[in-house]
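What the coordinates show
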Amino acid sequence: MLPPFDYFTYRHARSTKRQERAARFASLPAEYHADFSSFDKTIINKPIEELVQEIQDSSLAPTDVLRTYGKVAVKAQEKSNCITELLLPEAEKWAQSEVNLKGPLAGIPISLKDSVQVKGFDITLGYARLAGKPYAEDGPMVKLLKDAGAVPYAKTALPVTLLSFESANGLWGTCLNPHVPDYSPGGSTGGEGALLALGGRIGIGSDVAGSVRVPAAWSGIYSLRCSTGRWPKTGVNTSMAGQEGIASVFSPMARTLNDLTYFTRAIISMKPWKYDHTVHPISWRNEEEDEAKSKKLRIGLMSTDAIQRAIDTTVAALRAAGHDVSEIAPPAAADPFTGLNLASQLLNADGCDTFNSHFYSFEPSDPGAAQLSLICNLPRPLKYLYYLYVRYIRRDAKWATLIRSFGHKSSTDQWKLVAKREAFRSAWHGWWDAKPQQYDFILCPVNATPALPHKAMKDAVSSCGYTFLWNLLDYSAGVLPISHVDPNKDSLAAPYRTVLKQLGANHALARGAWMHYDARKMAGLPTAVQVVGRRWQEEKVLGYMAAVERALEEYADPVTGEGGKYDLIELD
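Looking at an unreviewed UniProt entry, one finds the protein chain named amidase and attributed to Aspergillus rambellii. According to its UniProt record, the protein chain has this under Catalytic activity (unreviewed entry): "a monocarboxylic acid amide + H2O = a monocarboxylate + NH4(+)". According to UniProt, the comment filed for the protein chain under the heading Sequence similarities (unreviewed entry) is "Belongs to the amidase family."

Where charged atoms from two side chains of opposite charge come close, those side chains can pair. Tallied over the full model, the rule gives 30 salt bridges. The shortest N-O distance in the salt bridge between D40 and K71 comes to 2.6 Å. With D40 in helix α2 (residues 38-45) and K71 in helix α4 (residues 62-80), this pair connects stretches of sequence that are 31 residues apart. Accessibility assignment for this pair places D40 and K71 in one class, buried.

Our focus in this paragraph is the UniProt feature "active site" (unreviewed entry) in the protein chain. The positions that UniProt labels "active site" (unreviewed entry) are, in the present scheme, K113, S188 and S211. Spanning 99 residues, the named residues form one tight spatial group whose C-alpha atoms are at most 10.8 Å apart. For K113, the position within the fold is in strand β2 (residues 109-113). Discounting residues that sit within four places of it in the chain, K113 has contacts with K155, T156, L158, L162, S188, T189, E192, I204, G205, S206 and S211. Relative to the elements of secondary structure, S211 occurs in the loop between β6 (202-207) and α8 (213-219). In this view, S211 contacts K113, L162, G187, S188, T189 and S206; residues no more than four positions away in its chain are not counted.

With that settled, consider a nonpolar patch on the surface. Where nonpolar side chains cluster on the molecular surface, the patch consists of Y389, Y392 and I393 and spans about 350 Å² of accessible area. Within the element layout of this structure, Y392 appears in helix α15 (residues 380-393).

Thresholds, definitions, all that
Residues numbered from 1 in each chain as written. Predicted model: local features only at pLDDT ≥ 70, side-chain atom pairs only at ≥ 80, totals over all residues. Heavy atoms only, no water. UniProt positions renumbered as here; feature names shortened; annotations may be inferred. Salt bridge = Lys/Arg side-chain N within 4 Å of Asp/Glu carboxyl O. Helix = DSSP H or I, 4+ residues; strand = E, 2+ residues; numbered from the N terminus. Buried < 20%, exposed > 50% of the residue type's maximum accessible area, 1.4 Å probe, protein only. Contact = heavy atoms within 4.5 Å. Patch = residues over 30% accessible without salt bridge, like charges linked within 9 Å, V, L, I, M, F, W, Y side chains within 5 Å. Areas by Shrake-Rupley, 256 points an atom, 1.4 Å probe, with all protein chains shown as cover.

Given below as structure tokens:
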């Protein structure tokens, strides 16, 4: 149907998909709608390797484990609207006849970002245009998972366009933060974040600018951003097919660090390069993980924002454990803002045309992506006037720099940007290797603030500096939750504009996030830190995360006596 009448096609697709989802939940047997039993809570809290062992020695049935996670899915959907496609009826059949119960993930239920290809189901990405087109076969990633013994049981929410730290779209609705519903769970893998925080086990998301790390931080779970070529990526769909200036990577997420590590190790042990030509044949290196856990570490600290207390607690715990922590000072050639500007130009070199091409007329976009599209498509004279306004009237030199050349790029322009990307990577490589740096890892926030309220990405679209930089560099990076927002301890000492001035110009791009900061309203939201290693150092990063978590568990604040262990959501 031609525009604008295809709006009615969008409305029909939206109604159909939501009715289908509701019907699948309603048709589940009564046991899926029951309260959690003591058996369920034991299953949910038991480490993966123990569950695998019990399933393999037949002391535990995989269908019993699956039914527990079916209850998790039902309750999590009611609280957060985190699920797009419910796979449970099919998953029961897969658990009995299709998955490999001798594999390293034998019988373990797994949730997947909506963009992963599962036979019999759509990959809508939140676009109505992609609804009603189920795939005939599993993609390579799902084939690998089933061969490892995992049982896919749900596909989860994301933002339309996949370029947002929110997870809402016109097709499926808005996914809610599992701690404070008025806030986002993060994005673009926000449905995974919410489901895992509410009792889910393990999941897979994708990350092009922070999309597994921000949901982990905002929902209170663990994630690992893998370097390109370490984790499978074929057998998926995307809103920006062909975009390789900043490669999107699929990566693991989990409710606990123990499960995240076991899951990552299990997938690599399956030799994923046999399933996906994009994966490098790098076997799991146990010795690197073990060394990272056990030695005294040299840690670089990147400047902080509104989660100062979480960073301060982590630094204090690490120093108390005997590790060395010092502020980093990257050279001018490796300035993080230069990297952010370069990454944003590369990611949207098509002028936002591709992700906008999937919309029907009047189908709602993401607020942040809509801002990007508007700037990209301003006529050149108007864009220049807007640049002058931002630069000289608002006096925001950073944002002005970003928008001045933001838009369509020719092939020649893009080649030049790629050359600059490689020079930037080389500068960081040389800086990190040189004395006195030689850090084991860099500790930094995940985002300028804790979770933001729904639709805040209209203001906070540029607040991605702590994650996007590592995508540009293709470094491995993990996230672990630290604490929760306290309305008294985390309140600002002055209006946010004053605080920003005190922090300096490097924090100006987070102004749109800061304007929504309110410790009273944010009370209970998770805070987190990010552990950044080098390229293809997934084993080391997981080992460093274990060292950080151990330091926090052993730490007691000298004034309050409070410990540093993060509290997961208690299951009802």
